[in-house]
Structures are given as C-alpha cells and as structure tokens.
Amino acid sequence: MNDKNQIKFDKAIGILNDGRISDFCNSLIELYDDLTCSCFFRRQDHSIYAEQLEIVARVEDDPNDFDLNLVKGFVYLLNDMAKQSFNYLSRAIDLDMFIDLSWSLRASLDSEINPNCKVDALCAVLLNPTARNYFVLAGLSESQDDIQEDNKSLIYY
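The structure displayed is predicted, hence computed values, not measured ones.

Trainee: Where do I start with the overall build of the protein in this structure?
Mentor: Scanning the protein for helices and strands turns up 10 helices and zero strands. Ordering the α and β elements of the protein from the N terminus gives α-α-α-α-α-α-α-α-α-α. By residue count, 44% of the 157 residues in the protein fall in the buried class. Taking the intrachain contacts of the protein between residues at least 6 apart in sequence as the baseline, contacts between residues at least 24 apart amount to 53%. Total accessible area computed for the protein in this model is approximately 8,500 Å², and 51% of it derives from carbon and sulfur atoms.

Structure representation (structure tokens):
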C-alpha cells in the first residue's frame, strides 16, 4: 500500500469528520488522481465507510451542491448502497459533467443499476485518460474485441 495515499486518505477522513464536505471532496479528487484502481479503497477497514455514512447521512441533501452529491455518491458506493450512490453521482454529473471522478465512480456500479456504465467509463477516459479510468473501462469489456481495444488504449496511454 502506498503510504503517501494512506496519509492522504487519513487526512481526508479527518476533514470529513470535521464536517468540511467541500474540502473532503477536493481531497477525494486529489487522492483518486494518484490511484490506478479502486483496490486501495477495498483494502481499507470497512468500518471507516460506516462512519463516513453516518456523517454524510446527517447532512441535508442539496441538489445544487456538486461537492455534496459527489461525496454522498462515493460514501454510499463504498457502503454497497448502489441505488443511492447512482442518484447522487447522477446529480453530481448533472451539476459538473467535466469531473471524471463522477463518471468513473458511476461506471463502477452494477449494470442493473447503471445500464450505461460503459458509456460512463468512456466519458471518464475522454475527460481524463488516466490508468485508473482505463482500468474501470477495461473491467467493463464484454468481448474479446473490446478487451483488445481497451488494451491498445491502455498501452497507448
């Protein structure tokens, strides 16, 4: 595990514990920029996500607040609450369609919840062609041709 990323994540948790949603959102975007996949989050103690859920659940929804919707989408996603995550991430995308993280997170939802997950992954790659976004896209490959095309894209990157 990358200690630098762990330090950033621990700092972000402290920021959220202080109730600073916008600062947590910025920390989250910065952290994701350094990651190549979401494995980092799967290796964390999941009780952290339950604590984050308690914090964001107390914050009143605001359909016009990009940061809040992205944060809630992220936290609900990590707590396996896919439908709620989809709704918040969709609002975040509606508010600012140029932030790749919203698209990338929504693309990681099950296709029963998000039937357009491949399109979302493509949008994330087009906005920010990072290894992390290509990783999400590759995970959605449905055929050998898709896999070969995604591999070519990743090698090109």
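Alright, that's what it looks like, and here's the rest.
Trainee: I keep staring at the environment of Ser-38 and nothing clicks. Help me out?
Mentor: Position of Ser-38 among the secondary structure elements: in the loop between α2 (21–34) and α3 (39–42). Between the C-alpha atom of Ser-38 and that of Arg-132, which follows or precedes it by 94 residues, the distance is 7.7 Å.

Trainee: In this structure, what is going on with a nonpolar patch on the surface? I would like to understand it.
Mentor: Taken together, Met-97, Phe-98 and Leu-127 make up a surface patch of nonpolar side chains, about 320 Å² in accessible area. Examined against the element boundaries, Met-97 turns out to sit in the loop between α6 (82–95) and α7 (100–107).

Trainee: Could you clarify how one ought to interpret the packing of aromatic side chains in this entry?
Mentor: The description of two aromatic rings rests on the distance between their centres and on the angle between their planes. This structure, assessed with the given rule, holds nine aromatic pairs. When the ring of Phe-41 is compared with that of Phe-74, the centres are 5.3 Å apart and the planes differ by 75°; the resulting orientation is edge-to-face. Highlighted residues: Phe-41 in helix α3 and Phe-74 in helix α5 (residues 66–78), separated in sequence by 33 residues. The burial state of Phe-41 is the same as that of Phe-74; both residues are buried. Three or more aromatic residues link up through ring pairs in this structure, and these residues are Phe-9, Phe-24, Tyr-32, Phe-40, Phe-41, Tyr-49 and Phe-74.

Trainee: For this particular structure, what's the right way to read the nonpolar core?
Mentor: The tendency in soluble globular proteins is for nonpolar side chains to be buried as a group. If you look at the biggest cluster of nonpolar residues, it comprises 34 residues, and the most contacted ones within it are Phe-41 and Phe-74. Of all the secondary structure elements, the ones that give two or more residues to this core are α1 (3–17), α2, α3, α4 (47–57), α5, α6 and α7. At nine residues, α5 tops the list of elements feeding residues into this core.

Trainee: What should I look at first to understand α4 in this one?
Mentor: For α4, the set of buried residues is Ile-48, Tyr-49, Gln-52, Leu-53, Ile-55 and Val-56. The buried side chains of α4 occupy one side of the element, clustering within an arc of 165° when seen end-on.

Trainee: When you look at the pattern of salt bridges in this model, what are you seeing that I'm missing?
Mentor: Once their charged atoms are close, side chains differing in charge can pair, the charge on each being opposite to the other. The full count for this structure, using the stated rule, is eight salt bridges. Notably, a salt bridge pairs Asp-34 with Lys-4, separated by 3.9 Å at the nearest N-O pair. Of this pair, Asp-34 sits in helix α2 while Lys-4 is found in helix α1, placing the two residues 30 residues apart along the sequence. A single network of salt bridges, built from pairs that share partners, joins Lys-4, Lys-8, Glu-30 and Asp-34.

Trainee: So what exactly am I meant to see when it comes to the packing of α2 against α5 here?
Mentor: When two helices pack together, you describe them by how their axes are tilted relative to each other and by the distance separating the axes. Closest axis-to-axis distance for the α2/α5 pair is 9 Å, and the angle between their directions is 60°. By the angle between their directions, the pair α2 and α5 is classed as oblique. Crossing angle aside, the handedness with which α2 passes α5 is left-handed. Contact with α2, carried on its side by Ile-21, Ser-22, Phe-24, Cys-25, Leu-28, Ile-29 and Tyr-32, involves Phe-66, Asp-67, Leu-68, Leu-70, Val-71 and Phe-74 of α5 and no other residues of that element.

Trainee: Just checking my understanding: could you explain the environment of Ser-141 for this structure?
Mentor: Its location among the elements puts Ser-141 in the loop between α9 (131–139) and α10 (144–156). Taking relative accessible area as the criterion, Ser-141 reaches 19% and is therefore assigned buried. Residues Ser-141 and Lys-118, 23 residues apart in the sequence, show an inter-C-alpha distance of 8.1 Å.

The rules behind these values
Residues numbered from 1 in each chain as written. Predicted model: local features only at pLDDT ≥ 70, side-chain atom pairs only at ≥ 80, totals over all residues. Heavy atoms only, no water. Helix = DSSP H or I, 4+ residues; strand = E, 2+ residues; numbered from the N terminus. Buried < 20%, exposed > 50% of the residue type's maximum accessible area, 1.4 Å probe, protein only. Contact = heavy atoms within 4.5 Å. Areas by Shrake-Rupley, 256 points an atom, 1.4 Å probe, with all protein chains shown as cover. Patch = residues over 30% accessible without salt bridge, like charges linked within 9 Å, V, L, I, M, F, W, Y side chains within 5 Å. Salt bridge = Lys/Arg side-chain N within 4 Å of Asp/Glu carboxyl O. Phe/Tyr/Trp six-rings, centres within 6.5 Å; stacked < 30°, edge-to-face > 60°. Core = buried A, V, L, I, M, F, W, Y, C linked by side-chain atoms within 4.5 Å. Arc of directions from axis to C-beta. Axes fitted to C-alpha atoms, helices over the stretch in contact; angles between N-to-C directions. Parallel < 35°, antiparallel > 145°, perpendicular 65-115°, else oblique. Left-handed = near helix turned anticlockwise from the far one by under 90°.

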